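Given next are the chains, with one letter for each unit.
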Amino acid sequence: MTVQIRAEQPADFPAIRDVLVAAFGEDRVADGVERIRESWIYRPATSLVAVSDDVVVGCVMITGCTVSGDAGDRVVAMLTPLAVAPDRQRQGIGAALVRAVLAGAEAAGEPLVVLEGSPTYYGALGFEPARLYGLIFTLPDWAPPDAGQVYLLPSYDRADPTLRGKIGYPPVYE
Ligand SMILES: CC(C)(COP(=O)(O)OP(=O)(O)OC[C@H]1O[C@@H](n2cnc3c(N)ncnc32)[C@H](O)[C@@H]1OP(=O)(O)O)[C@@H](O)C(=O)NCCC(=O)NCCS
């Protein structure tokens, strides 16, 4: 069964909601995605779906968050959420979505992509602990210490002080 990855379209929104609710087992993330689409952090070009036989089987978004440090505030790319329909998991669809959305971020000239997630899962896809690059997440107590992750893209410049600081989530995530 071939899987195609493309940008989401409004006609996909109900099916994306179904995938998110099924994958996360609750409405909260799906509700958050609907708020994201109404907000300034929404980036339609890096909001992707995986489609198999005309059915949406997965989705991923890169939006924006802030890095606040000595050099001021800056918006950077953040990957969240990522979901694959439960009956299509462990077939490489999640990894394909992550690779495709990282390529989109690179094409958009982003220097890096951050996220909060499993170091095991995202580490296998090339993410590294964000703290190694001076990017500080405020994590919930239950999260693994390296749940704050970063993927460096070719235009990343380690000497750029605007790429170091505390990660802040826009109010839409609250
Ligand atoms: C996390 C998720 C998106 C993975 O999607 P997927 O299509 O099953 O992932 P893939 O098939 O691409 O898996 C890639 C690798 O990660 C491993 N993997 C898959 N799910 C994993 C998990 N939950 N934890 C650790 N490793 C996992 C797979 O074994 C695979 O490794 P392999 O190629 O060596 O076998 C999917 O399980 C999901 O939707 N989960 C619920 C929502 C969620 O937690 N999203 C992430 C946080 S935003």
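All values reported here derive from a predicted model rather than from experimental measurement.

### Thoughts on the overall build of the chain
- Each helix and strand in the chain was counted, giving four helices and nine strands.
- Along the chain direction, N to C, the helices and strands of the chain fall in the order β-α-α-β-β-β-α-β-α-β-β-β-β.
- Projected onto its principal axes, the C-alpha coordinates of the chain cover approximately 50 × 30 × 30 Å.
- Restricting to contacts in the chain with at least 6 residues of sequence separation, those with at least 24 account for 67%.
- By element, 53% of the accessible surface of the chain is carried by carbon and sulfur atoms, the whole surface being about 8,800 Å².
- Measuring between centres, the 14 positive side-chain charges of the chain sit 4 Å from its 22 negative side-chain charges.

### A few points about the UniProt feature "domain: N-acetyltransferase" (unreviewed entry) in the chain
- Within this structure's numbering, the places UniProt gives as "domain: N-acetyltransferase" (unreviewed entry) are residues 3–157.
- With 27% helix and 34% strand, residues 3–157 has end C-alpha atoms that lie 34 Å from one another.

### Some details on the side chain of Thr63
- Along the polypeptide, Thr63 turns up in strand β3 (residues 55–69).
- A distance of 2.7 Å separates the side chain of Thr63 from the side chain of Tyr173, its partner in a polar contact.
- The residues contacting Thr63, other than those within four sequence positions of it, are Ile36, Ile41, Arg43, Val76, Ala77, Met78, Thr80 and Tyr173.

### Let's talk about the site of the ligand
- Close to the ligand lie 14 residues, the nearest being Leu82, Arg90, Gly92, Gly94 and Ala95.
- For the ligand, an oxygen atom lies 2.7 Å from a polar atom in the backbone of Gly94.
- In the complex, 62% of the free accessible area of the ligand, which totals 890 Å², lies under the protein chains.
- When contributions to the shell around the ligand are tallied by element, the ones reaching two or more residues are α1 (13–24), β4 (72–84), α3 (93–107) and α4 (119–123).
- Class assignment for the residues of the shell around the ligand results in nine nonpolar, four polar and one charged.

### Focus: unusual backbone geometry
- Following Thr80, the chain continues to Pro81 via a peptide bond in cis, the omega torsion being -5 degrees.
- Relative to the helices and strands, Pro81 is located in strand β4.
- A positive phi angle, close to 50 degrees, is found at Asp53, a residue other than glycine.
- On the basis of relative accessibility, which here comes to 59%, the residue Asp53 falls in the exposed class.
- Phi angles above zero are rare outside glycine, and Arg90 is one such case at about 65 degrees.
- Summarising the element assignment, Arg90 is placed in the loop between β4 and α3.

Here is what the cut-offs are and how they apply
Residues numbered from 1 in each chain as written. Predicted model: local features only at pLDDT ≥ 70, side-chain atom pairs only at ≥ 80, totals over all residues. Heavy atoms only, no water. Helix = DSSP H or I, 4+ residues; strand = E, 2+ residues; numbered from the N terminus. Contact = heavy atoms within 4.5 Å. Areas by Shrake-Rupley, 256 points an atom, 1.4 Å probe, with all protein chains shown as cover. Lys, Arg positive; Asp, Glu negative; His and termini not counted. Charge placed at Lys NZ, Arg CZ, Asp CG, Glu CD. UniProt positions renumbered as here; feature names shortened; annotations may be inferred. Polar contact = N/O pair within 3.5 Å; in protein donor to acceptor, adjacent residues only side chain to side chain. Near = heavy atom within 4 Å. Nonpolar A, V, L, I, M, F, W, Y, C, P; charged D, E, K, R; others polar. Buried < 20%, exposed > 50% of the residue type's maximum accessible area, 1.4 Å probe, protein only.

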